[in-house]
Amino acid sequence: IGVLATPLAAQQREPTAIPTVLAKALISPFFGVLGRQPRFVVGRAPRGWKSSLDAGATVKVVGGVDMGSFRAVVYRFSSSEAVTAYRERLLHSGFTPSALQSPRGGFTSGETQHPEQFCGPDGIVIVSEVDSSRTSRSVLVTLLSQAAATEACRSPDVMGERPAPLDIPPLTAPVGATANPEGTGWSGNNMSTSVRLDTALSSGEILDHYVGQLARAGWTAGPRLVDATRAMQMVSAYGRDGRIWSGALMVITADARRSANLSMWRVANE
């Protein structure tokens with residue numbers, strides 16, 4: 001059986017395979033509550049894996065496990081951007097972010113992302129990065145279909161919470177850049193997120209990097225303005241209510257510092 005999860009940066013020191021009996025002995029005590037013995041597979045997804053969770057023909061399937069209502073697969077992606085594209089694929093397949101987790105999206109630090117929960121007709125899906133290298137990202141995708149897990153999929157309105165009106169995809173930093181996200185905020189009609197960067201890249205190069213990620217997530221890029229210290233491009237996307245949001249991604253250079261800000265506004269009905 002292939003190794004399903006290894007510590008970050010430890011990939012080179014871990015064995016490529018371990019005996020099935022060892023894997024069962026290690027994890028069965030933790031999953032005994034499900035009442036099933038784990039069944040492992042290598043190089044493919046376990047039986048019962050939903051097509052809505054497939055990652056595409058170009059993504060390698062490391063292996064998986066089936067324990068009745070609990071199933072999991074480890075995918076190996078070529079880059080962090082490919083992982084972001086998979087999260088967007090889930091959203092386009094009808095999944096929505098869980099009401100019990102903090103809003104995701106916007107600028108990230110480039111560190112391993114915290115697990116994300118999505119709700120859909122097939123159950124709760126949890127996506128978490130479990131290993132990385134210079135050439136790949138290994139991601140654990142877990143499907144929990146038992147009825148007890150539906151609590152995490154209750155409507156945010158029922159829970160007294162207000163979801164973000166616009167889904168901003170995770171915006172990972174350029175390779176080699178140190179990113180310090182400054183947070184994401186919103187009201188009913190506007191939303192913004194910003195980040196400070198330590199990099200030698202120009203404002204235009206940073207702009208192209210982040211706008212490229214938005215475009216791959218389905219956003220529309222508009223006019224672009226660039227000079228020696230500033231870069232700005234208009235972008236638009238559809239909000240949760242189906243209305244268009246319009247705004248701009250701006251990058252400013254001051255001495256050795258770089259900052260990027262994405263500001264979006266809901267377009268008024270005409």
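Model, not experiment: these values are computed from the prediction.

Trainee: Report on the overall build of the protein chain, specifying residues and quantitative values.
Mentor: Scanning the protein chain for helices and strands turns up three helices and 15 strands. Put simply, the protein chain has 270 residues, and 40% of those count as buried. Surface summary for the protein chain: the accessible area is close to 14,100 Å², and the carbon and sulfur share equals 53%.

Trainee: Please provide a residue-by-residue account of the sheet that holds strand 14 (residues 244-254), values included.
Mentor: Spatial ordering of the open sheet is given by 10-11-15-14-13-12, a layout of six strands whose pairing is antiparallel. In this open sheet, the two strands that pair with only one neighbour each are strand 10 (178-186) and strand 12 (220-226). Between one strand axis and the next, the sheet turns through 15° on average, direction left out of account. Pairing of strand 10 with strand 11 (residues 190-198), which is carried by eight bridges, proceeds in the antiparallel orientation. Bridge assignment links Asn180 to a residue of strand 11, and that residue is Arg196.

Trainee: Can you break down the packing of aromatic side chains residue by residue, with the values?
Mentor: Scanning the model with the defined rule gives four aromatic pairs in all. Their ring planes at 70° and their centres at 6.1 Å tell us that Tyr75 and Phe77 sit as a pair that is edge-to-face. Like Tyr75, the residue Phe77 is buried in the burial classification. A network of ring pairs unites the aromatic residues Tyr75, Phe77 and Tyr86 as a single cluster.

Trainee: So, the confidence of the model for the protein chain: which residues are in play, and what are the values?
Mentor: Per-chain confidence: the protein chain averages 80 in pLDDT, with 77% of residues scoring 70 or above. Confidence, read as mean pLDDT per element, is least for helix 1 (residues 20-31) in the protein chain (64) and greatest for strand 13 (residues 230-238) (95). Below pLDDT 50 for its whole length, residues 1-12 participates in 41 contacts with residues either more than four positions away or in separate chains. The model gives residues 156-160 a pLDDT under 50, and that stretch makes six contacts with residues more than four places away or in other chains.

Trainee: Tell me about a nonpolar patch on the surface, and name the residues and values.
Mentor: On the surface, Tyr238, Ile244 and Val267 cluster together into a nonpolar patch covering about 290 Å² of accessible area. Relative to the helices and strands, Ile244 is located in strand 14.

Trainee: Talk me through the nonpolar core; I want residue IDs and the actual numbers.
Mentor: Ranked by internal contacts, the top residues of the largest apolar core, which has 27 residues, are Phe107, Leu166, Tyr210, Trp219 and Leu262. For this core, the secondary-structure elements that each account for two or more residues are strand 11, helix 3 (203-216), strand 13, strand 14 and strand 15 (257-266). Take this core: its biggest share by element is five residues, from helix 3. Among all residues touching Tyr210, those that are not within four sequence positions of it are Phe107, Leu171, Thr172, Ala173, Pro174, Val195, Leu197, Leu249 and Ala260. Tyr75, Val83, Val141 and Leu143 belong to the second-largest nonpolar core, a separate cluster that totals 17 residues.

Trainee: A description of the sheet that holds strand 4 (residues 96-97) should follow, citing residues and the corresponding values.
Mentor: Sheet architecture is open: seven strands sit in the order 1-2-3-8-7-6-4, paired in antiparallel fashion. Where the open sheet ends on each side, the last strands, each with one partner, are strand 1 (39-42) and strand 4. Summarising the sheet, strand 7 (residues 123-132) and strand 8 (residues 137-144) pair through eight bridges and their orientation is antiparallel. In the sheet register, Ile126 faces strand 8, and the bridge partner there is Thr142. Most of the contacts of helix 2 (residues 80-92) go to strand 7, to which it runs at about 180°, and overall it touches strand 3 (70-77), strand 4, strand 6 (116-120), strand 7 and strand 8.

Rules of the game
Residues numbered from 1 in each chain as written. Predicted model: local features only at pLDDT ≥ 70, side-chain atom pairs only at ≥ 80, totals over all residues. Heavy atoms only, no water. Helix = DSSP H or I, 4+ residues; strand = E, 2+ residues; numbered from the N terminus. Buried < 20%, exposed > 50% of the residue type's maximum accessible area, 1.4 Å probe, protein only. Areas by Shrake-Rupley, 256 points an atom, 1.4 Å probe, with all protein chains shown as cover. Pairing = 2+ DSSP bridges. Axes fitted to C-alpha atoms, helices over the stretch in contact; angles between N-to-C directions. Phe/Tyr/Trp six-rings, centres within 6.5 Å; stacked < 30°, edge-to-face > 60°. pLDDT = per-residue confidence, 0-100. Contact = heavy atoms within 4.5 Å. Patch = residues over 30% accessible without salt bridge, like charges linked within 9 Å, V, L, I, M, F, W, Y side chains within 5 Å. Salt bridge = Lys/Arg side-chain N within 4 Å of Asp/Glu carboxyl O. Core = buried A, V, L, I, M, F, W, Y, C linked by side-chain atoms within 4.5 Å.

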